[in-house]
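Survey of secondary and tertiary structure
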Amino acid sequence: MSEPAIEMRNVRKTFGPVIALEKADLVVHPGTIHGLVGANGAGKSTIIKILAGIYRKTAGTIRIFGETIEDVTPVAIERRGVHFIHQDRLLVPTATVAESIFLRNEPRFGPFLNHRHMRRRSKELLHRYFDLELSPDTLISELSTAQQKIVQITRALAQDARVLVLDEPTAALIDKEVKSLFKVLRRLRDDGLAIVFISHYMSEITEICDTVTVLRNGVDVGVVDPREVGIPRIVEMMTARNTSEMYPRRAVALGAPVLSVRDLTCEPYFRNVSFDLHAGEILGLTGLLGSGDKEVLKALFGQLRTDSGEIHLNGERVEFRSPVAAVSSGVAKIPEDRRAHGVAAGLSVRENVSLASLSDVSSRGFVNRSREVEVVSGLIDDLNIKTPGPDQLVKNLSGGNQQKVVVAKWLNCNSQVYLMDEPTVAVDVGAKIEIFELMNRLAEEGKALIFLSSDLEEIVEMCDRTLVIYRGEMIADYARGDIDADRLLAAASGAPAERGTPAPVRRSA
Amino acid sequence: MSVPSHTTSRPAFNLEALSNYAVLAAFLAIIAFFAIFADGFLSLDNLVSIILNKVVILAIVALGMTLVIASGGIDLSVGVSIDLSSMVFVMLIAAGYGGFVGAVGGLAAALCVGLANAALINKLKINPFLATLGILFIGETVQRVATGGGNPIYLTRGQYAGTFDVIARTEFLGVPTPIILMALCIVAVYLALHRSVFGRFVTVLGDAPDVARYSGVRVGFHTSIVFVACALLSGLAGILLSSTVRSYVPLSGDAFLLDAIGATFIGTAINSERRPSVVGTLLGVLLLAVMRNGLLLIGWNFFWQQVGIGVLVFLVLGISFGLRGRSE
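Keep in mind that what you see is a predicted model, and the values were worked out from it rather than measured.

1. Remarks on the overall build of chain B
Counting its secondary structure elements, chain B contains 15 helices and 4 strands. Here the C-alpha radius of gyration of chain B, 21 Å, is about what a compact globule of 328 residues would show, namely 20 Å. C-alpha extents for chain B along the principal axes are approximately 75 × 55 × 40 Å. With 328 residues in all, chain B has 50% of them scored as buried. About 14,500 Å² of surface is accessible on chain B, with carbon and sulfur atoms providing 70% of the total. Averaged over its 17 positive side-chain charges, chain B has a centre that lies 6 Å from the centre of its 14 negative ones.

Written out as structure tokens, the structure is:
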């Protein structure tokens with residue numbers, strides 16, 4: 001085979017005591033599209049950031065077209081023709097297409113910018129590679145996400161890119177745009193470019209990639225041909241477990257109703273939501289983006305003022321004017337935005353875990369440090385939180401372990417109702433299963449859970465009952481076993497066939 | 001990211017751990033430097049004078065600032081608390097009410113500043129920087145109006161009749177009273193910030209206010225207490241200031257504002273979380289005080305002292321934050 005475009009060998013990266021990348025190889029040849037897959041925390045973004053010169057490697061060698069590079073910097077790597085299309089680092093919205101394509105590479109006419117050349121070249125490139133008739137004077141802010149992606153790629157091509165690294169390039173694209181992006185990528189590959197393609201979508205990996213490197217826990221566990229081995233095998237390599245072990249739901253006998261909601265209305269988000277939540281129950285809640293499902297949780301946690309309706313907790317009518325009131329009545333929430341609402345990232349695991357139950361480890365207003373360490377260490381072992389110790393800062397943990405910290409915080413206090421808003425989002429598969437196990441455990445202890453997720457399979461597998469919200473209306477209430485992911489999606493999308501058919505919304509148990 | 005299962009101990013020697021000692025090392029180096037080059041620096045008289053004249057008041061203000069910054073805020077109005085407390089204290093004594101009533105009146109004035117800040121921040125949701133800046137402007141005007149355009153109030157020996165000296169110039173068990181007051185404040189703020197449930201909530205508030213809110217922490221209450229505590233500590237500093245100089249000089253409190261903020265931030269360099277702490281702040285205060293005193297002793301004038309301190313701050317923070325950055 002030809003000389004590799006990228007050859008990373010035995011690359012290692014540690015952050016203090018935390019190992020982000022244990023020992024991984026990434027070898028990409030010219031004229032191929034090479035996939036890079038792995039669960040969250042496997043080290044995908046770490047290895048790419050090392051290649052991009054954003055992180056400095058702890059050990060290992062990096063060769064670009066046979067040339068060993070010791071000190072990888074963003075400039076050095078770009079000079080060798082390696083270009084990165086980052087997922088979030090977009091373009092300057094107020095710049096034009098031509099300006100963006102020639103950013104940091106502006107053609108000059110003496111000391112002045114050669115605008116005429118910039119515009120002509122931009123037009124040419126866009127037409128040649130993408131068959132796109134786009135005026136070079138269009139502002140970036142006027143382009144669709146897909147067009148912006150194309151401008152980013154064109155910018156790399158204008159600088160004679162020999163390697164393209166695309167980080168989740170399809171995340172914000174619609175189907176048709178994905179198809180045309182793939183057409184372009186294939187053409188570039190046939191022109192001899194080396195392309196690294198990072199994606200969570202397995203179907204895309206098998207569709208476009210010639211070879212795939214699978215990472216797990218900071219180690220490359222294999223380089224495979226995705227069409228040959230198939231998706232299930234790749235997922236197994238990523239997670240080291242069978243897909244059947246994914247959802248360990250154990251149903252428990254339901255107890256008395258803990259939370260009863262009657263005709264709860266909060267305009268303009270939702271109307272007339274009614275349900276009963278029992279001890280030991282996991283109640284699914286789902287809907288499309290903007291359907292009002294999240295707002296139901298917010299209202300139950302005192303983050304939204306309701307217009308009418310009643311909430312009863314253990315038979316007593318309650319009205320939460322703030323999260324503080326909800327917490328003190330025994331309602332806990334695992335918020336969706338972990339970084340902003342779930343963990344204090346700059347504080348230690350100990351300080352985060354003990355936050356909601358501090359009164360248990362303190363006396364007369366003073367924290368008993370040794371009791372606190374004891375309790376927190378117990379929870380760390382119990383939940384298998386991977387941290388060097390209770391005093392490690394939470395920001396140094398992986399996403400899944402941060403999420404376990406959020407759950408741990410609420411385990412030890414006397415909450416009865418747990419509102420979980422997308423607890424498994426951006427969490428790797430292993431941690432996901434552990435979070436499901438925790439949900440089981442809470443249910444077995446007689447707690448009542450509301451589980452909101454947009455991953456319908458999770459809902460189907462984990463919940464005793466599922467409520468579907470569509471445009472603020474509670475349109476369906478399914479018992480476990482009545483439902484599969486497809487029907488749930490149809491209901492969430494407002495398909496008429498699903499609106500009436502299942503048992504009418506249950507008013508009381 | 002993954003962690004090996006048995007990494008319980010950190011390597012004993014690494015840059016990050018070392019970076020936490022940069023402030024302490026700088027402090028010791030500076031003491032050594034002045035001990036050699038500044039005549040009389042290490043004499044007991046000079047050391048006590050550093051503490052009495054340069055440390056006590058700044059330390060008390062900086063303790064309040066530490067609480068506020070730990071909660072994620074900033075208080076630009078500490079000078080107003082100092083001045084209004086000092087003004088009311090001196091005016092009451094001048095009117096013949098005596099030292100005790102004067103001190104209570106002074107603290108009451110500071111309390112008003114703290115409550116005003118708390119109301120602006122929690123009720124009107126103005127961010128702490130702008131809320132306290134507004135109070136700073138208003139406070140300055142109040143002083144000018146009350147003193148006929150900013151005239152100092154000097155009292156005759158007959159008027160203060162020992163009240164100032166009881167506070168500033170007596171000793172208890174051989175220790176000057178101001179140092180005892182400072183020590184009490186240090187212990188109180190240390191216990192509150194680092195040992196109590198209240199302090200833990202304040203710390204979480206400073207790092208992630210929404211997390212605190214969603215965990216059931218009463219954010220408004222804690223913010224209010226922090227700003228009131230800062231104002232009261234500054235008020236106490238104002239009373240000490242007036243007692244030391246036996247007068248009230250309008251707008252003299254603002255001199256402590258930037259030093260208090262500076263000491264707090266210098267102090268964040270001593271722990272690996274880079275967060276405000278009582279020990280760190282005290283080290284910051286000592287560092288500033290020793291620098292001022294030492295540079296004076298070796299004959300630098302005031303303007304060049306400021307340059308020296310500026311360079312010192314860059315050095316200390318550059319070393320501690322720089323080393324830390326390198327180790328990632």
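Next comes the rest of the account.
2. A word on the overall build of chain A
Within chain A, the regular secondary structure consists of 19 helices and 24 strands. Compactness check: chain A gives a C-alpha radius of gyration of 26 Å against a globular reference of 23 Å for 509 residues, within 12% of the reference. Principal-axis analysis of the C-alpha atoms places the extent of chain A at approximately 80 × 55 × 50 Å. Contacts in chain A between residues far apart in sequence, at least 24 positions, make up 66% of those at least 6 positions apart. Surface summary for chain A: the accessible area is close to 21,600 Å², and the carbon and sulfur share equals 48%. Charge-centre separation for chain A: the mean point of 63 positive side chains lies 5 Å from the mean point of 68 negative side chains.

3. Side note on the pairing of strand E23 (residues 465–470) of chain A
Residue and element names in this part refer to chain A. Judged by how many residues are buried, E23 sits mostly within the fold: 6 of 6 residues are covered. Burial along E23 is two-sided: the face carrying Arg465, Leu467 and Ile469 and the face carrying Thr466, Val468 and Tyr470 are both buried. Judged from the 5 bridges that link them, strand E15 (residues 282–287) and E23 form a sheet pairing that is parallel. Residue Leu285 lies in a different strand from E23, and its bridge partner there is Leu467. Relative to strand E24 (residues 473–479), E23 runs antiparallel, the two sharing 6 bridges. Counted as the bridge partner of Tyr470 is Glu473 from E24. What sits between the antiparallel neighbours E23 and E24 is a turn of 2 residues, in which Arg471 has the positive phi angle 45 degrees.

4. Some words on helix H10 (residues 293–300) of chain A
All names here are of chain A. Counting buried positions over the 8 residues of H10 gives 7, a clear majority of the element. Listed in full, the buried residues belonging to H10 are Asp293, Lys294, Glu295, Val296, Leu297, Ala299 and Leu300. Just downstream of H10 lies Gly302, where phi reads positive at about 80 degrees.

5. Focus: the environment of Asn293(B)
Residue and element names in this part refer to chain B. Relative to the assigned elements, Asn293 resides in helix H14 (residues 278–297). The sequence separation of Asn293 and Ala29 amounts to 264 residues, and the corresponding C-alpha distance is 15 Å. Leave out the neighbours within four places in its chain, and Asn293 touches Phe41, Asn46, Ile50 and Lys54.

6. Things to note about the interface of chain A and chain B
Listed per partner, the contact involves 44 residues of chain A and 30 residues of chain B. At the boundary of chain A with chain B, total buried surface from both sides reaches about 3,300 Å², with 60% on carbon and sulfur atoms. Across the chain A-chain B interface, the total number found is 2 salt bridges. Glu351(A) is the salt-bridge partner of Arg275(B), the closest N and O atoms lying 2.9 Å from each other. Here chain A is connected to chain B by 9 residue pairs in polar contact (both at pLDDT 80 or more). Contributions of two or more residues to the side of chain A that touches chain B are made by strand E1 (6–15), strand E2 (18–28), helix H11 (323–328), helix H12 (338–342), helix H13 (349–353), strand E20 (366–367), helix H14 (369–382) and helix H15 (399–411) of chain A. The class makeup of the residues in the side of chain A that touches chain B is 24 nonpolar, 13 polar and 7 charged.

7. Focus on the side chain of Thr32(A)
All names here are of chain A. By the element assignment, Thr32 lies in the loop between E2 and strand E3 (33–38). Of the polar contacts made by the side chain of Thr32, one reaches the backbone oxygen of His29; its length is 2.6 Å. When sequence neighbours within four positions are dropped, the list of residues in contact with Thr32 reads Arg189, Leu193, Ala194, Ile195 and Asp210.

8. Things to note about the pattern of salt bridges
Inspection of every chain in the model, using the stated rule, returns 30 salt bridges over all chains. Here Arg292(B) makes a salt bridge to Asp259(B), at a shortest N to O gap of 2.8 Å. Of the two residues, Arg292(B) is situated in helix H14 and Asp259(B) in helix H13 (residues 255–267); the sequence distance between them amounts to 33 residues. For Arg292(B), a relative accessible area of 15% puts it in the buried group. Among the ionic contacts, a cluster of salt bridges with common partners joins Glu7(A), Arg9(A), Asp25(A) and Arg63(A).

9. With respect to a nonpolar patch on the surface
Residue and element names in this part refer to chain B. Judged by side-chain polarity, Trp300, Phe302, Phe303, Trp304, Val307, Val311, Leu315 and Ile319 come together as a nonpolar surface patch covering roughly 860 Å² of accessible area. Tracing the sequence through the fold places Leu315 in helix H15 (residues 302–326). Leu315 sits in the exposed class, given a relative accessible area of 52%.

10. Thoughts on the packing of aromatic side chains
All names here are of chain A. Per the counting criterion, the structure on display carries 7 aromatic pairs over all chains. Ring geometry for Phe436 and Phe451: centres 6.4 Å apart, planes at 80 degrees, overall edge-to-face. Of the two residues, Phe436 is situated in helix H16 (residues 429–444) and Phe451 in strand E22 (residues 448–452); the sequence distance between them amounts to 15 residues. An identical accessibility class is assigned to Phe436 and Phe451; each is buried.

11. Notes on unusual backbone geometry
Residues and elements named next belong to chain A. Backbone torsion omega between Glu267 and Pro268 reads 0 degrees, so that peptide bond is classified as cis. Relative to the helices and strands, Pro268 resides in the loop between strand E13 (257–266) and strand E14 (270–278). In this model, Arg364 sits at a positive phi of 50 degrees, which is unusual for a non-glycine residue. Here Arg364 lies in the loop between strand E19 (362–363) and E20. Looking at Arg364, the relative accessible area reads 83%, which means it is exposed.

12. Some words on the environment of Leu283(B)
All names here are of chain B. Within the secondary structure, Leu283 sits in helix H14. Residue Leu283 is classed as buried on the basis of its relative accessible area, which comes to 12%. Separated by 260 residues in sequence, Leu283 and Val23 have C-alpha atoms that sit 7.7 Å apart. Excluding anything up to four places from it in sequence, Leu283 contacts Val23, Leu24, Phe27 and Ile270.

13. Description of the confidence of the model for chain B
All names here are of chain B. When the pLDDT values of chain B are averaged, the result is 87; 93% of them are 70 or greater. Here residues 1–12 is modelled with pLDDT under 50, and outside its nearest four sequence neighbours on either side it reaches 22 contacts, counting other chains as well. On the interface metric, ipTM, the complex scores 0.81, and its pTM is 0.72.

14. Points about the pairing of strand E16 (residues 308–313) of chain A
All names here are of chain A. Both E13 and E16 contribute to a ladder of 5 bridges, which runs antiparallel. Counted as the bridge partner of Ser260 is His312 from E16. Examined bridge by bridge, E16 and strand E17 (residues 316–318) share 3 bridges and lie antiparallel to one another. Looking across to E17, one finds that Ile311 is bridged to Val318. Connecting E16 to the antiparallel partner E17 that follows it, the hairpin turn spans 2 residues, and Asn314 within it adopts a positive phi of roughly 50 degrees.

Cut-off values and rules
- Residues numbered from 1 in each chain as written.
- Chains lettered and ligands numbered in written order.
- Predicted model: local features only at pLDDT ≥ 70, side-chain atom pairs only at ≥ 80, totals over all residues.
- Heavy atoms only, no water.
- Helix = DSSP H or I, 4+ residues; strand = E, 2+ residues; numbered from the N terminus.
- Rg over C-alpha atoms; globule rule 2.2 N^0.38 Å.
- Buried < 20%, exposed > 50% of the residue type's maximum accessible area, 1.4 Å probe, protein only.
- Areas by Shrake-Rupley, 256 points an atom, 1.4 Å probe, with all protein chains shown as cover.
- Lys, Arg positive; Asp, Glu negative; His and termini not counted.
- Charge placed at Lys NZ, Arg CZ, Asp CG, Glu CD.
- Contact = heavy atoms within 4.5 Å.
- Pairing = 2+ DSSP bridges.
- Buried area = accessible area lost by both parts, 1.4 Å probe.
- Salt bridge = Lys/Arg side-chain N within 4 Å of Asp/Glu carboxyl O.
- Polar contact = N/O pair within 3.5 Å; in protein donor to acceptor, adjacent residues only side chain to side chain.
- Nonpolar A, V, L, I, M, F, W, Y, C, P; charged D, E, K, R; others polar.
- Patch = residues over 30% accessible without salt bridge, like charges linked within 9 Å, V, L, I, M, F, W, Y side chains within 5 Å.
- Phe/Tyr/Trp six-rings, centres within 6.5 Å; stacked < 30°, edge-to-face > 60°.
- pLDDT = per-residue confidence, 0-100.

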